[in-house]
Amino acid sequence: MHYPEYRPRRLRRNENLRRLVRETKLSVDDLVYPLFVTFGKKVKKPIASMPGNFQMSIDYLVDEVGKTKEMGIPAVLLFGIPETKDEVASGAFAEKGIIQQAVKAIKDKVSDILVVTDLCLCEYTSHGHCGMLDGEEVDNDSTLEVLGEAAVSQAKAGADVIAPSGMMDGQVLAIREALDEEGFEHLPIMSYSAKYASCFYGPFRDAAESAPQFGDRRTYQMDPPNSDEAMREIMLDVEEGADIIMVKPALPYLDIIHRAKEEFDLPLAAYNVSGEFSMIKAAANLGWLDEERAMMESLTSIKRAGADIIITYFAQDAAKILTK
Ligand code: PBG
């Protein structure tokens with residue numbers, strides 16, 4: 001293909017030509033909408049660093065899930081903010097825990113939308129770490145037992161997909177075994193397989209009130225410069241029984257998404273995290289970016305990199321555009 005015979009601009013001359021040759025098509029089918037549920041009634045508390053997102057009590061949450069379903073989005077991802085926290089994350093596996101109650105309430109009132117539950121202990125521990133402490137260390141293997149128990153209690157409440165995000169070694173196997181033992185062998189696990197210790201979770205930690213009280217998460221979440229290690233993490237999760245694998249965050253890690261798509265043939269999710277969302281919102285607020293175009297370009301790029309599923313706080317806004 002040589003100029004002047006081949007002129008790439010010929011196929012860009014108008015929108016219909018561009019539509020015909022477009023390689024990546026974002027669809028509402030790809031989207032998962034994260035929601036934060038809190039205790040109380042008639043609570044809808046704006047999250048300052050994530051405009052348009054709220055901590056909602058169960059009554060409002062159920063309405064929001066209904067609205068999300070009406071928009072054609074196939075799934076929500078739930079995070080719980082419990083009334084009290086303790087050293088051992090009791091709220092994560094309590095029968096009347098916030099997530100358990102929320103899932104039940106959704107299942108009672110809204111049909112035909114998937115309820116994915118994030119499974120991590122950081123929202124439930126007083127110290128804000130994603131596992132059981134041994135001194136100031138997060139102890140891997142004692143955390144696995146708690147994760148198994150929490151997974152089963154989410155499953156009993158009616159969760160459709162369990163999404164472990166704590167980055168403990170062996171967590172997928174522990175959860176798979178715990179679920180199978182209780183008769184939930186049909187429930188899929190969407191594993192946050194390659195989750196990096198990222199500053200882009202900052203706004204989320206306000207939203208979920210889950211910032212660690214001391215230290216950071218670098219002894220369990222991945223070191224951002226690493227790519228081969230991400231493939232090893234994903235391979236372990238596949239061997240342990242993950243049904244869907246995930247890379248998180250998305251935009252600063254498109255190379256990891258691309259590589260994961262090439263190397264593994266499981267459905268691949270990417271989490272367009274809070275900081276990625278808030279950056280666009282902030283710049284748009286200042287008039288520095290066109291919000292709609294920045295959103296669609298970002299989401300399309302995540303898909304182009306290889307993601308099959310995109311978890312994003314933009315899900316509702318994008319769905320409006322995609323289904324119009
Ligand atoms: C819980 C969890 C986090 C996110 C999803 N699940 C925070 C963290 O690891 O600190 C981040 C999501 C986001 O930033 O949008 N472990």
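Before any of the text, the structure's been laid out above.
Right, let's walk through the structure included here.

How each quantity is defined
Residues numbered from 1 in each chain as written. Predicted model: local features only at pLDDT ≥ 70, side-chain atom pairs only at ≥ 80, totals over all residues. Heavy atoms only, no water. Helix = DSSP H or I, 4+ residues; strand = E, 2+ residues; numbered from the N terminus. Expected span 1.5 Å × (residues − 1). Buried < 20%, exposed > 50% of the residue type's maximum accessible area, 1.4 Å probe, protein only. Contact = heavy atoms within 4.5 Å. Patch = residues over 30% accessible without salt bridge, like charges linked within 9 Å, V, L, I, M, F, W, Y side chains within 5 Å. Areas by Shrake-Rupley, 256 points an atom, 1.4 Å probe, with all protein chains shown as cover. Salt bridge = Lys/Arg side-chain N within 4 Å of Asp/Glu carboxyl O. Lys, Arg positive; Asp, Glu negative; His and termini not counted. Charge placed at Lys NZ, Arg CZ, Asp CG, Glu CD. Polar contact = N/O pair within 3.5 Å; in protein donor to acceptor, adjacent residues only side chain to side chain. Pairing = 2+ DSSP bridges. Phe/Tyr/Trp six-rings, centres within 6.5 Å; stacked < 30°, edge-to-face > 60°. Lys NZ or Arg CZ within 6 Å of the ring centre and 35° of its normal. Core = buried A, V, L, I, M, F, W, Y, C linked by side-chain atoms within 4.5 Å. Near = heavy atom within 4 Å. Nonpolar A, V, L, I, M, F, W, Y, C, P; charged D, E, K, R; others polar. Axes fitted to C-alpha atoms, helices over the stretch in contact; angles between N-to-C directions. Parallel < 35°, antiparallel > 145°, perpendicular 65-115°, else oblique. Disulfide = S-S within 2.5 Å.

## A closer look at helix α8 (residues 228-240)
Quick reminder: α-helices carry 3.6 residues per turn. Residues three or four places apart thus point the same way.
Logical step 1: Between its first and last C-alpha atoms α8 spans 19 Å; for 13 residues at 1.5 Å apiece the expected length is 18 Å, and the two agree.
Logical step 2: Among all positions in α8, only A230, M231, E233, I234, D237 and E240 are buried.
Logical step 3: Next to the buried residues of α8 lie α6 (171-181), β9 (190-195), β10 (244-248) and α9 (254-263).
Logical step 4: Looking at the residues trailing α8, positive phi occurs at G241, about 110 degrees.

## A short note on a negative patch on the surface
Logical step 1: On the surface, a cluster of negative charge is contributed by D141, E145, E149 and D169.
Logical step 2: Topologically, D169 is positioned in the loop between β8 (161-164) and α6.

## Section: the side chain of H127
Logical step 1: Relative to the helices and strands, H127 resides in the loop between β5 (114-119) and β6 (132-134).
Logical step 2: A residue is classified by how much of its surface remains accessible, and H127, at 4% relative accessible area, is buried.
Logical step 3: Separated by 3.1 Å, the side chain of H127 and the backbone nitrogen of H129 make a polar contact.
Logical step 4: Ignoring anything within four residues of it in the chain, the contact list for H127 reads E87, L133, A211, P212, Q213 and F214.

## Considerations on the pairing of strand β1 (residues 31-38)
Logical step 1: Judged by how many residues are buried, β1 sits mostly within the fold: eight of eight residues are covered.
Logical step 2: Here β1 shows two buried faces, one formed by L31, Y33, L35 and V37 and the other by V32, P34, F36 and T38.
Logical step 3: Pairing geometry for β1 and strand β12 (residues 309-312), over two bridges, is parallel. Bridge pairing in β12 links L31 to I310.
Logical step 4: Both β1 and strand β4 (residues 75-81) contribute to a ladder of seven bridges, which runs parallel.

## Looking at helix α5 (residues 140-157)
Logical step 1: For α5, which comprises 18 residues, the first-to-last C-alpha distance of 26 Å matches the rise-based estimate of 26 Å (1.5 Å per residue) to within 8%.
Logical step 2: The element α5 is largely enclosed, with a buried count of 13 among its 18 residues.
Logical step 3: Two residues or fewer after α5 comes G158, characterised by a positive phi angle close to 120 degrees.

## A few points about the packing of aromatic side chains
Logical step 1: The full count for this structure, using the stated rule, is nine aromatic pairs.
Logical step 2: When the centroid spacing of 4.7 Å and the interplanar angle of 55 degrees are considered together, the rings of F277 and F314 count as tilted. Of the two residues, F277 is situated in helix α10 (residues 274-285) and F314 in the loop between β12 and α12 (315-322); the sequence distance between them amounts to 37 residues. Comparing F277 with F314, the two get one shared label, buried.
Logical step 3: Here the aromatic cluster, defined as three or more aromatic residues joined through ring pairs, consists of F36, F79, Y192, F204, Y271, F277, Y313 and F314.
Logical step 4: Its end group placed over the ring of F54, K44 keeps NZ or CZ at 4.6 Å from the ring centre.
Logical step 5: Taking the ring centre of Y271 as reference, the NZ or CZ of K248 above it sits at 4.9 Å.

## Re the nonpolar core
Logical step 1: By size, the foremost hydrophobic cluster in this structure holds 113 residues, and its most contacted members are F36, L78 and I257.
Logical step 2: Looking at this core element by element, the count peaks at eight residues for α5.
Logical step 3: The residues contacting I257, other than those within four sequence positions of it, are V247, A250, L268, A270, I302, A305, G306 and A307.

## Some words on the site of the ligand
Logical step 1: In the vicinity of the ligand lie 17 residues, with K195, R205, K248, S274 and Y313 positioned nearest.
Logical step 2: Measuring from a nitrogen atom of the ligand, one finds a side-chain N or O atom of S165 at 3.5 Å.
Logical step 3: Separating a nitrogen atom of the ligand from a side-chain N or O atom of K248 is a distance of 3.4 Å.
Logical step 4: Relative to its free-state accessible area of 400 Å², the ligand is covered by the protein chains to the extent of 100%.
Logical step 5: Partitioned by chemical class, the residues of the shell around the ligand number nine nonpolar, three polar and five charged.

## With respect to the packing of α9 against helix α11 (residues 291-305)
Each pair of packed helices gets described by two things: the angle between the helix axes and the distance between those axes.
Logical step 1: One way to put it is that α9 packs onto α11 with a least axis distance of 8 Å and a crossing angle of 35 degrees. Within the contact between the two elements, α9 uses L254, I257, H258 and K261 and α11 uses S301, I302 and A305.
Logical step 2: For the contact of α9 with α11, the class distribution of residues is four nonpolar, two polar and one charged.

## With respect to the packing of α11 against α12
Logical step 1: α12 packs onto α11 with a crossing angle of 95 degrees between their chain directions and a minimal axis gap of 11 Å. The pairing of α11 with α12 is recorded here as roughly perpendicular in orientation. Across from E291, E292, M295, M296 and L299 in α11, the residues of α12 making contact are D317, A318, I321 and L322.
Logical step 2: Considering only residue class, the contact of α11 with α12 consists of six nonpolar, no polar and three charged.

## Focus: the state of the cysteines
Where two cysteines share a covalent bond between their sulfur atoms, that bond is called a disulfide.
Logical step 1: Within this structure, the stated rule accounts for zero disulfides.
Logical step 2: Here C120 stays unpaired: no disulfide links it, and the sulfur of C130, its closest cysteine neighbor, is 3.5 Å away.

Coordinates in, geometry out; function isn't part of it.
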